[in-house]
Structure formats: C-alpha cells, structure tokens
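# Results of the structural survey
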Amino acid sequence: YSRILDFLPPEFLHQLFIKTLQTKILKKKADFKNLKINLLGKKFINPIGLAAGFDKNAEAVDGALNLGFGFLELGTVTPMPQIGNKKPRVFKIPELSAVIQRLGFNNKGSEEFLENLKKIKRENKILGVNIGKNKNSKDFISDYRFLYEKLLPYSDYITINISSPNTPGLRDIQEKGNIEKLIKNLSKIKKRKPTFLKLSPDLSEENLTNICNLAIKDDFISGLILTNTTISRDNLFKKPVKNSWKMLEEGGLSGKPLKDKTNKLIQKTFNLTKGKIIIIGVGGISSGQDAFEKISMGASLVQLYTSLIYEGPSVVVRILSELSLCLKKKGIKNVSELVGKNISYD
C-alpha cells in the first residue's frame, strides 16, 4: 500500500485522503459488543478515535466515522485562518513507520470550522474539538476562551492544545504558573463541556506532576490527552534509514517511535492521578496489541493517526477486531474492565 504512495508528497496524499472520505465511498463494518463503553455521559461504540491533526477543518466527518472509529477529534482550529509553516513541512520515514511534521496549525480558521460543524447531522456521533492559539496572537488566553465559547455548542468535548512543538512558545503554557492562569480564566466560563488538556511527551517530571495535581483538584479539567508529537530523536537511529537526513528535520515526530514514550507517561499519569481522571492515549498505535497496552496502562480511550497513513483505511477495523479477540482470550468481558489493570498482552 505505502510503496506506491511514497513517491507522492505527504500533504498532497493527505488532501487526497480527505477528498476520498468526503465521497463516503469507504464503509467498514465495526460492531464489537465487548468494545462498547459509556464515558463522558456518552455511549461510545468503541474506544478507538481519530487523533487531531487529520481533519483540521471538520471537512470529512461522516467519511472518517465510516472507517470504524468510535469518535473523532477535529482540528486543531485557531481563531483566524493560518497557512502554517513553509513547505516542505511533512517528512515520512517509512522504515520506522514514523512521520516528522512542522505544519504549524495550518487551518481555515474558526468561522469555516463552525460552518462545517453546523452542517453535520449529529445523531450518535461523538466529536471532540481541538483548539489552539494563532501564531502571532498577543494574548493566548483570549484565543482559547474565544474558541471554547464559540465551539462549545457543537462539540462533545473540547481539547486545549498546549503542546504542539510547531507554534513558538506554545509549550511554555504547560509551565507552572502559566497553566494555572489559563485554567483559572477558562473556569469562569459558565457553560462547559468535558475538557481535556493535550500534553507533550517531552514534559518535565515537575510540570507533569503539577498538571496532574491541577487536574485532580480542578473540576474544569475532565482529563488529559497523552501525548502530542515529540521533538526528541532518541530512538530513531537504531536501524538504517535510506533518507536519514529526514530524521534531523525540525518538527514533531509521530508514529511507532513514540509508542513506548507515551506508554510510560500514561502509566505514570494514571498512578499520579490514582485513576481519577480520564486519559486518552495517543502515539504509535498500529495494532490491537498497541491499543491493549495503552488501555491496560490507564487510558480509557485511545487515538491514532500515523498508522492510517502507512496502513490505509482498513487499519481501524483490524485494530478493533484484534483488540476484541484479545479481550475474549483473556476472559475480559468489556474493554472498560481493562483500564489501568496492567495486564500484559502476551
């Protein structure tokens, strides 16, 4: 599947994929009784979601859900339209099933995003909205507040993205002092929906502990999304890569090399929060085993993106059937019983 496509620019392929999904031509059957869960006051048909960054402008919702996802996270959307960083800005590393990208929150802005959301027939669709600040914004708090209030009526949950490595200064919001300021301000919003913070895998021990304590204490935060892409390149050089220059490109790394890093963070966070908050696990999921591990370590839901690029649209149903089968073999009646139990896959 991927060899034919390796010759085409990744961003062009992505547009092609979105266009294909808009036709709703792809329909995958995904009904697994032991994967149905209730969370956030909603009935999820399964715990596998599409990560933010894929459908930035909410353009292909029905088509994406047809692939078998239990929920979608749309965006990242910013108040004003943004073209993002200079191209080329997406680099595939097929040997490692990884991608490095520095898109920089390219999106058509909140007006168009909202129009697209309004057109969607909502029955039985669980849609999260991922919000970010504009690159040149003077006041990040007002950006988040503006988006939160504007998109609230049309979303099932809202994710505050403070961890993309491709917007200068964005990750500083995770620092002690800055994060409190943001949460304190957003907490004043009268109407609210379940709210998640999306964190960086490169977060310091101190900042992670601080955010976990904040999440337990503050009822504004429903949970944490672990994690965004990494700027670390630690484990990239274990095997030879044809275009090794790509590994030195700036930007966030996603895919298989991110898996263990996010798993450790999920486990650590689950222990720090004593399972009191919802964790959504993201990073390197391309099999039922990968999903099983993240859930077993403490994630109630998981999301994927990069494996969709390498393995194509059928990856979602494959992961679901592998996960469902594994639960049966282990004698686990429902996937929710696996959360945080630290059961090994083998």
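Residues numbered from 1 in each chain as written. Predicted model: local features only at pLDDT ≥ 70, side-chain atom pairs only at ≥ 80, totals over all residues. Heavy atoms only, no water.

### A short note on the packing of helix α7 (residues 205-217) against helix α8 (residues 259-272)
- Across the interface, α7 lies against α8 with an axial gap of 10 Å and an inter-helix angle of 45°. Looking at the two axes, α7 sits oblique to α8. Relative to α8, α7 is oriented so that their crossing is right-handed. Across the interface between the two elements, Glu205, Leu208, Thr209, Cys212 and Ile216 from α7 touch Leu265, Lys268, Thr269 and Leu272 from α8.
- In terms of residue class, the contact of α7 with α8 is built from 5 nonpolar, 2 polar and 2 charged. (Axes fitted to C-alpha atoms, helices over the stretch in contact; angles between N-to-C directions. Helix = DSSP H or I, 4+ residues; strand = E, 2+ residues; numbered from the N terminus. Parallel < 35°, antiparallel > 145°, perpendicular 65-115°, else oblique. Left-handed = near helix turned anticlockwise from the far one by under 90°. Contact = heavy atoms within 4.5 Å. Nonpolar A, V, L, I, M, F, W, Y, C, P; charged D, E, K, R; others polar.)

### What to know about helix α6 (residues 178-186)
- Inspection of α6 places Ile179, Leu182, Ile183 and Leu186 among the buried residues, and these make up the whole buried set. Projection of α6 onto a plane perpendicular to its axis shows the buried side chains occupying an angular sector of 95°, all on one side. Every exposed residue of α6 that faces more than 90 degrees away from the buried side is listed here: Lys181 and Lys184. (Buried < 20%, exposed > 50% of the residue type's maximum accessible area, 1.4 Å probe, protein only. Arc of directions from axis to C-beta.)

### Section: the nonpolar core
- Counting residues in hydrophobic clusters, the biggest one holds 94 residues, and the most contacted among them are Ile131, Leu197 and Leu308.
- At 8 residues, the largest contribution of residues to this core is made by helix α11 (residues 315-330).
- Leu96, Ile100, Leu236 and Leu253 belong to the second-largest nonpolar core, a separate cluster that totals 8 residues. (Core = buried A, V, L, I, M, F, W, Y, C linked by side-chain atoms within 4.5 Å.)

### Section: the pairing of strand β8 (residues 157-161)
- Burial analysis of β8 places 5 of its 5 residues in the buried class, which makes it a mostly covered element.
- With burial as the criterion, each face of β8 is covered, one bearing Tyr157, Thr159 and Asn161 and the other bearing Ile158 and Ile160.
- Where strand β7 (residues 127-131) and β8 come together, 4 bridges link them in parallel fashion. Looking at β8, one finds that Val129 is bridged to Ile158.
- Between the parallel pair β7 and β8, the chain is carried across by helix α5 (residues 140-151), and the sense of this crossover is right-handed. (Pairing = 2+ DSSP bridges. Right-handed = clockwise from strand over helix to strand, strands pointing away.)

### Details of the environment of Ile278
- Inspection of the secondary structure assignment puts Ile278 in strand β12 (residues 278-282).
- Put simply, Ile278 and Tyr144 are 134 residues apart on the chain and 21 Å apart in space, counted from C-alpha to C-alpha.
- Excluding residues within four positions of it along the chain, Ile278 makes contact with Leu39, Leu40, Phe196, Ser222, Gly223, Leu224 and Ser300.

### Considerations on α5
- A rise of 1.5 Å per residue sets the reference length of α5, with its 12 residues, at 16 Å; its end C-alpha atoms lie 17 Å apart and thus fit the reference within 8%.
- Residues of α5 that are buried include every one of Ile141, Asp143, Tyr144, Leu147, Tyr148, Lys150 and Leu151, and no others.
- Where α5 is buried, its residues meet β4 (71-77), α4 (110-119), β7, β8, α6 and β9 (195-199).
- You can read the cap of α5 off the contacts: a side-chain oxygen lies 3.2 Å from the backbone nitrogen of Ile141, and it is on Asp139. (Expected span 1.5 Å × (residues − 1). Polar contact = N/O pair within 3.5 Å; in protein donor to acceptor, adjacent residues only side chain to side chain.)

### A word on the sheet that holds β8
- Within the closed barrel, the 8 strands sit side by side as β3-β4-β7-β8-β9-β10-β12-β13. Their pairing is parallel. Taking each pair of neighbouring strands and ignoring which way they run, the sheet shows an average axis angle of 25°.
- In terms of strand pairing, β4 meets β7 through 5 bridges, oriented parallel. Note on β7: the bridge partner recorded for Glu73 is Gly128.

### Some details on a nonpolar patch on the surface
- Taken together, Leu8, Phe12 and Leu16 make up a surface patch of nonpolar side chains, about 250 Å² in accessible area.
- Here Phe12 shows up in helix α2 (residues 10-22). (Patch = residues over 30% accessible without salt bridge, like charges linked within 9 Å, V, L, I, M, F, W, Y side chains within 5 Å. Areas by Shrake-Rupley, 256 points an atom, 1.4 Å probe, with all protein chains shown as cover. Salt bridge = Lys/Arg side-chain N within 4 Å of Asp/Glu carboxyl O.)

### Observations regarding the packing of helix α9 (residues 288-296) against α11
- The N-to-C vectors of α9 and α11 enclose an angle of 60°; their axes lie 7 Å apart at closest approach. With respect to their mutual orientation, α9 and α11 come out oblique. For α9 against α11, the interelement crossing comes out right-handed. Touching Gly288, Gln289, Ala291, Phe292 and Ile295 of α9 are Ile319, Glu322, Leu323, Cys326, Leu327 and Lys330, all from α11.
- When its residues are assigned to classes, the contact of α9 with α11 shows 7 nonpolar, 2 polar and 2 charged.

### Quick look at the packing of aromatic side chains
- Tallying each qualifying case throughout the model produces 8 aromatic pairs.
- Here Phe292 and Tyr345 contribute two aromatic rings whose centre-to-centre distance is 5.4 Å and whose plane-to-plane angle is 75°, an arrangement assigned as edge-to-face. On the criterion of sequence distance, the pair formed by Phe292 in helix α9 and Tyr345 in the segment after α11 is long-range, its members being 53 residues apart.
- These aromatic residues form a ring-pair network of at least three members: Phe44, Phe71, Tyr157 and Phe196. (Phe/Tyr/Trp six-rings, centres within 6.5 Å; stacked < 30°, edge-to-face > 60°.)

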